[in-house]
Number of protein chains: 2
Amino acid sequence: MKKQVKRNVIVGQSGGPTAAINSSLAGVYRTAKDRGYKKVYGMLHGVQGLLEGRYTDLSEHIRTGLDAELLKRTPAAYLGSCRYKLPEIHEDKSVYEKIFKILDELEIDCFIYIGGNDSMDTIRKLSDYAIITGAPVRFVGCPKTIDNDLALTDHTPGYGSAAKYIGTSVKEIIRDGWSLETEKGQVMIVEIMGRNAGWLTGAAALAKGEDCDGPDAIYLPELPFDVPSFVDNVRSILKKKASVVIAVSEGVQTKDGKYVNELGGGHDYVDAFGHKQLTGTASYLCSVINKEIGCKTRAIELSTLQRAASHCASRVDILEAYEVGGAAMKAADEGDSGMMVVIKRLSDDPYQAGTEVKDVHKIANDERLVPREWITKDGTYVTNEFITYVRPLIQGDVAPIMVDGIPRHLYKPGFQELL
Amino acid sequence: MKKQVKRNVIVGQSGGPTAAINSSLAGVYRTAKDRGYKKVYGMLHGVQGLLEGRYTDLSEHIRTGLDAELLKRTPAAYLGSCRYKLPEIHEDKSVYEKIFKILDELEIDCFIYIGGNDSMDTIRKLSDYAIITGAPVRFVGCPKTIDNDLALTDHTPGYGSAAKYIGTSVKEIIRDGWSLETEKGQVMIVEIMGRNAGWLTGAAALAKGEDCDGPDAIYLPELPFDVPSFVDNVRSILKKKASVVIAVSEGVQTKDGKYVNELGGGHDYVDAFGHKQLTGTASYLCSVINKEIGCKTRAIELSTLQRAASHCASRVDILEAYEVGGAAMKAADEGDSGMMVVIKRLSDDPYQAGTEVKDVHKIANDERLVPREWITKDGTYVTNEFITYVRPLIQGDVAPIMVDGIPRHLYKPGFQELL
């Protein structure tokens, strides 16, 4: 690649928030500045905002080292996120023309998009369009998703912190359950995110250790969910102990493909990618247990808490997110386009990992699920291989910067109005 | 009081778990040992377990300084809790005879009970019975409740940690909301514990600071809840901003005394004290917003997480819980009976507080609610006085002792079977 004057960079965030996505933003910014780019723009609400001409100069936000540290500790997409699906290029060129006109006006060399499967679909389409039209912009994806379901990468930034929060919270719920054991027994069902992939739900097993037996059963969405077998399992666990805690994915489906939460009549909000908002699975299963077994039940949805809990972030995760953001910027700077940074694990314990760059065409819209052999034969728990995989990703803490007893986040005056 | 040989102590935990109740247990144990008592027994599952002859020698559990530190960081009642209501003495003496026979056999001088309103009712009855029968046991209550609704004390241990968790989590939820703002708007309703008292729900206002506007409205159970006014308020907030977060107590009632969660058909589990398990308030209100306004909604119940989140405990709270446990033991040792330790605040900022001892007859079954003047005139927020009151109680952190990326709790082999 011939030497040329570096112009500007634009970075955006897309998809569901995580506790680590802003650490990647900090990594992109730092590397762009270190590599001599003039301006680093941030799209507001991703490509959707960009299409409306909404962006900001990141140097107005990250002015000091303290700002960068606060950004790493700020949950959810600092720049705002979106769930906007680009049309196929042959379907509607006008959207692309609009985006590339803005990129041209802003003198953009590198376009970094931090997100999951849907965001990598955006990178794929934009880089394809650049190739077709010869536009001088490089497009690189930076992985992010608590769901950990991106193909080709060992894991995704955001997953480790969510897993740490889930393991910690489930352990606290189990302990709460012990203390209130009653003769009749009680069943707490913890509903965990993950539409199709059970990586988050499986992380409930992290509660297990020398001081805790862990949840009594774990149901991942990878296997069909059978309500009568579930009730039988709960009944048999209740014979052995009075307080039962079960982790269940929001996305479990019966063998005929019906979401369990729909059996009880759940919400029906559907996003731009056609994904249903799934909640109510635990609540429905509690009502079944109530009816069939008659004991006390409690449905606990970890809800948005599991993706936003910066106060319980994993150090490995936050640092990797920062590293991956830097690697994405580096790749784009060195001429890559239509690529995504992936994490390659070198060893489990002591944990060692590095980054690589892969063709985004091999990633987009391809979900990576928990392998069948990492789920026990009877389908009610994860195996030790699963734990060995996830354990390194939750190591270490990122102490929040506390002000008045509450974690401080990055915020510039007028910021919320900007969004 | 004449000098005599000190015999044994028994301590129990009762009512809903908190993140600080075990710190009080550690304080009782330490002070009992320091003051020369021979054995410190722990009732398993409070008075209910004691009646079945279930107790343990605490020295088998707290063997080292590390054990004591782990105990302070272990959520929920280490010894197991209960919701057992003693009959009035004139109704059924046999229960009392049974308890005092066990206390006599165990050579108990001091009986410390850590709990809330219902537990102080137990202390009252037992100390009355001891007076009537001349039994040589002193009964002292040690306050504990996340609800913060005990009379005569400035606040209760357990509240500060729950408030810190609520403020932190609501702030993270607000930030999550910003990042996903959509044109149509979205409303997140956070349901917080507190049957009759709004201390916990009001703590959502702690999210407010230089970097966050805080929740958009807060509804406490002290005031009647009007569904149409609520919808109007949400509609008017949505005109100004796209992402709305509202904190609502699980216990809000309409002006004719109906729980809001019952309007939508909630759970009907009722405990031994006749308290309903209240959940589903946020979920019901979301369905109303959905129907009336038509925007995206999400109901988030903080559920048991808010009372069990040791990983986010307040240092002031954990240390005060320890101090109050010690003060209860000291009071019993010095001859007090039928008393409860209370916390007296000396100043807000810098915060200073100490302990006193009050007659439990003035406390039992008397709920302390949020004063009307600490709620705004329109009833949709707390005032600065409320914040000034709660802010000191959430200061400082208690770093969890992390093992393999997850907080370690106190656990002795075979402990769960013991419970």
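Per-chain numbering applies: the sequence of each chain, read as written, is numbered from 1 onward. As they are written, the chains are lettered A onward and the ligands numbered 1 onward, keeping that order. In keeping with the model being predicted, local features are shown solely for residues with a pLDDT of at least 70 and side-chain atom pairs are shown and tallied solely at 80 or more, while totals for entire chains, interfaces and linings include all residues. With hydrogens and water excluded, all non-hydrogen atoms of the structure serve as input to the side-chain values.

Engineer: Give me the lowdown on the interface of chain B and chain A, citing residues and values where you can.
Structural biologist: The contact criterion used is simple: two residues touch if any of their non-hydrogen atoms lie within 4.5 Å. With 68 residues of chain B at the contact, the number on the chain A side is 68 residues. Of the roughly 6100 Å² buried between chain B and chain A, counting both surfaces, carbon and sulfur atoms make up 52%. Considering only the side of chain B, the residues that lose the most area to chain A are B:Glu172, B:Arg175 and B:Gln416, jointly responsible for 12% of the buried surface there. In this structure, B:Arg391 engages A:Asp404 in a salt bridge whose closest nitrogen and oxygen atoms are separated by 4.0 Å. For the purposes of these results, a polar contact is taken to be a pair of N or O atoms within 3.5 Å, where, inside protein, one atom must be able to donate a hydrogen and its partner to accept one; residues adjacent in sequence count only when each atom of the pair is a side-chain atom. Applying the counting rule to chain B against chain A returns 26 residue pairs in polar contact (both at pLDDT 80 or more). Counting from the N terminus, the helices are the DSSP runs of H or I reaching at least four residues and the strands are the DSSP runs of E reaching at least two. Looking at the side of chain B that touches chain A, the elements with two or more residues in it are α6 (159-179), β9 (296-301), α11 (305-308), β13 (406-407) and α14 (415-418) of chain B. Ranked by residue count, the leading element in the side of chain B that touches chain A is α6(B), at 12 residues. Gly is placed with the polar residues, together with every amino acid not listed as nonpolar (Ala, Val, Leu, Ile, Met, Phe, Trp, Tyr, Cys and Pro) or charged (Asp, Glu, Lys and Arg). Per-class residue counts for the side of chain B that touches chain A are 27 nonpolar, 21 polar and 20 charged. What counts as buried area is the accessible surface, traced by a 1.4 Å probe, that two parts surrender upon association, with contributions from both included. When a carboxyl oxygen of Asp or Glu is within 4 Å of a side-chain nitrogen of Lys or Arg, the pair counts as a salt bridge.

Engineer: A description of the sheet that holds strand β5 (residues 138-143) of chain A should follow, citing residues and the corresponding values.
Structural biologist: Residues and elements named next belong to chain A. A pair of strands is labelled paired if DSSP reports no fewer than 2 bridges between them. Read across the sheet, 7 strands follow the order β3-β2-β1-β4-β5-β10-β11 without closing on themselves; strand pairing throughout is mixed. Both outer strands of the open sheet, β3 (55-57) and β11 (351-359), are each paired with one neighbouring strand and no more. Ignoring strand direction, the axes of neighbouring strands in this sheet form an average angle of 25 degrees. Across 6 bridges, strand β1 (residues 8-13) lies against strand β4 (residues 108-115) in parallel orientation. Directly across from Val9, in β4, lies its bridge partner Cys110. The axes used here are C-alpha line fits, helices contributing only the stretch in contact, and every angle between their N-to-C directions lies in the interval 0 to 180 degrees.

Engineer: Describe the environment of A:Asn261, and please don't skip the residues or the numbers.
Structural biologist: For A:Asn261, the position within the fold is in helix α9 (residues 260-263). For the pair A:Asn261 and A:Ser59, spaced 202 residues apart in the sequence, the C-alpha separation amounts to 45 Å.

Engineer: Could you give an account of unusual backbone geometry, naming the residues involved and the relevant values?
Structural biologist: Residues and elements named next belong to chain A. Omega for the peptide link from Asp349 to Pro350 comes to 0 degrees, which places this bond in the cis form. Mapped onto the elements of the fold, Pro350 is located in the loop between β10 (339-348) and β11. Of note in the backbone geometry, Asn148 takes a positive phi value of approximately 60 degrees without being a glycine. Residue position: Asn148 is located in the loop between β5 and α6 (159-179). The backbone phi angle of Leu152 is positive, close to 75 degrees, even though this residue is not glycine. By the element assignment, Leu152 lies in the loop between β5 and α6. Looking at Leu152, the relative accessible area reads 39%, which means it is partly exposed. The buried label goes to any residue with under 20% of its type's maximum accessible area, the exposed label to any with over 50%, and the partly exposed label to all in between, with areas taken from a 1.4 Å probe on protein chains only.

Engineer: Before we move on, could you go through helix α4 (residues 93-105) of chain B and cite the residues and values that matter?
Structural biologist: Residues and elements named next belong to chain B. Its 13 residues give α4 an end-to-end C-alpha distance of 18 Å, which sits within 8% of 18 Å, the value for a rise of 1.5 Å per residue. Every buried residue of α4 is accounted for by Val95, Tyr96, Ile99, Phe100, Ile102 and Leu103. Considered in projection along α4, the buried side chains sweep an arc of 155 degrees and stay on one side of the axis. In α4, the exposed positions angled more than 90 degrees off the buried face are occupied by Lys101, Asp104 and Glu105. On its buried side, α4 packs onto β1 (8-13), α2 (46-51), β4 (108-115), α5 (117-133) and β5 (138-143). Just beyond α4, the residue with positive phi is Glu107, at close to 55 degrees. Any helix carries an expected span of 1.5 Å times its number of residues minus one. Summarising the geometry, the arc corresponds to the directions from the helix axis toward the C-beta atoms.

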